[in-house]
Amino acid sequence: MNEPVLVINCGSSSIKYALVPATADQPRLTGLAERLGSDDARLKGVDSRGEVFTRSLGNAGHVQALEAILEGLEGRRPGAVGHRIVHGGERFTRATLIDDDVVAAIEQTAALAPLHNPANLQGVAATRALFPELPQVAVFDTAFHQSLPPRAYRYALPEALYRDHAIRRYGFHGTSHAYVSGRANALTGRTGGWLTAHLGNGCSTAAVWEGQSLDTSMGITPLEGLVMGTRSGDVDPGLHAHLSRQLGWSIEEIDRVLNHESGLLGLSGLTNDMRELEAAADEGHAGAMLAIEVFCYRIAKSLAALSCALPRLDGIVFTGGIGENSPRVREQVVALLPHFGLALDPEANRASLRGREGRIDTRTPNRPALWVIPTDEEGRIADETRQLLGETLR
Ligand code: ADP
């Protein structure tokens, strides 16, 4: 298929899109329709000359927003649509061509991702209505982690909770972990064992062996694992009962605090934004310094734990807004893993800039490598869409 793939990431009030061409010599068109369903809907994007545009969309909903997105594609017609779907449960282990049965199965998984899957499906419904002739492919955030063995995905809970209610660890950010570990294999010419750290607003780690995810830090929800922008990551599972009994908090309140008021924001009392935290820490803000310290320590602890999943460690890959842009975080994480025998090159670490792949270790033989690899979830969704259609049409 030579036409571009339109990649759609649909939220309840927003649609992020990218028109990804088949070859890198053509520009990618990207943008975001936001505040859908309000009186102030708008479309922001980047055109083929790299110029930013903003358009008011009045009180547009998802279908009108998609029509506006299509008009903004400068006459380029997609050959297929690739949808990011957050939760594929145990049913979806790879990208899947969307039909009515697949939509019904994604709906059934909504209990596992009540905020995300229904919103993702709004995008599927709107694009199917607008482009009935185009093949539509669902690419799941959880699918890459379906290769986890039971020892990694089972919680130590009564078996019936797994059997009857699908309660297990699923993991997220699969598209990103798949992309950066695949790039690491391609860049080193070695299909090895990688620890990948996706550090953005959401944060997770994964252990990838020969292209297969063997363990990851997120669980049945994206709350498990690392400290994130506003999410707590791991807490004592007894905390919910404690807060309920001692403070009289409801489950909704506890859920809101752990998801939206914790993490870097909660620890620092200042912000969830790492750039601002680093600036505040430089000025001696105690909360900011603590937040960065806890953040890095928890990443290192998670990488050390996940290393148990790998027969051999070839290297660590940093990605996501923080992983790609914060030499300080990378340096602090590496410093906490002396037993891995890592050899960070401080100059290369400081020089590595957004948008560029770079190796940041001293290239000492027999030491695990350290890479910064900018993630490309949209490119990966487009690739998986193309690959699936290639197989289906063959
Ligand atoms: P999302 O998960 O929403 O896609 P990103 O991957 O863009 O988010 O990551 C956002 C995070 O990256 C924010 O905490 C932001 O402060 C951080 N970040 C971006 N640039 C820098 C930088 N130069 N230094 C430190 N942190 C940065």
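To be clear, the structure that these remarks concern was listed above.
Conventions used here
- Residues numbered from 1 in each chain as written.
- Predicted model: local features only at pLDDT ≥ 70, side-chain atom pairs only at ≥ 80, totals over all residues.
- Heavy atoms only, no water.
- Helix = DSSP H or I, 4+ residues; strand = E, 2+ residues; numbered from the N terminus.
- Rg over C-alpha atoms; globule rule 2.2 N^0.38 Å.
- Buried < 20%, exposed > 50% of the residue type's maximum accessible area, 1.4 Å probe, protein only.
- Contact = heavy atoms within 4.5 Å.
- Areas by Shrake-Rupley, 256 points an atom, 1.4 Å probe, with all protein chains shown as cover.
- Lys, Arg positive; Asp, Glu negative; His and termini not counted.
- Charge placed at Lys NZ, Arg CZ, Asp CG, Glu CD.
- Phe/Tyr/Trp six-rings, centres within 6.5 Å; stacked < 30°, edge-to-face > 60°.
- Expected span 1.5 Å × (residues − 1).

K.L.:
Can you walk me through the overall build of the chain in this structure?
P.N.:
Within the chain one finds 15 helices and 14 strands. Here the C-alpha radius of gyration of the chain, 21 Å, is about what a compact globule of 394 residues would show, namely 21 Å. Taking the principal axes of the C-alpha coordinates as reference, the chain spans close to 55 × 55 × 45 Å. Counting all 394 residues of the chain, 50% fall into the buried class. The contacts in the chain between residues at least 6 apart in sequence include a share of 63% that link residues at least 24 apart. Entry remark: accessible area of the chain is about 18,100 Å², with carbon and sulfur atoms responsible for 50%. If the 38 positive side-chain charges of the chain are averaged to one point and the 47 negative ones to another, these points end up 4 Å apart.

K.L.:
Looking at this structure, I do not really get the packing of aromatic side chains. What am I missing?
P.N.:
The description of an aromatic ring pair uses the distance of the two centres, along with the angle that the planes make with each other. This model, assessed by the stated rule, comprises two aromatic pairs. Centre to centre, the rings of Phe-92 and Phe-140 are 4.4 Å apart; their planes meet at 10°, and the pair counts as stacked. Of the two residues, Phe-92 is situated in the loop between strand S6 (80-85) and strand S7 (96-97) and Phe-140 in strand S8 (residues 136-140); the sequence distance between them amounts to 48 residues. Exposure remark for Phe-140: the relative accessible area of 3% places this residue in the buried category. Between Tyr-153 and Tyr-162 the ring centres are 5.9 Å apart and the planes differ by 40°, which places this aromatic pair in the tilted class. Both residues of the pair, Tyr-153 and Tyr-162, belong to the buried class.

K.L.:
What's the story with helix H6 (residues 174-188) in this structure? I'm lost.
P.N.:
Structural remark: α-helix, 3.6 residues per turn; residues separated by three or four positions point the same way. Here H6 is 15 residues long and its end C-alpha atoms lie 21 Å apart, about the 21 Å a rise of 1.5 Å per residue gives. Taken together, the buried positions of H6 are occupied by Gly-174, Thr-175, Ser-176, His-177, Ala-178, Tyr-179, Val-180, Ser-181, Ala-184 and Asn-185. Among the residues trailing H6, Gly-189 stands out with phi positive, at a value near 65°.

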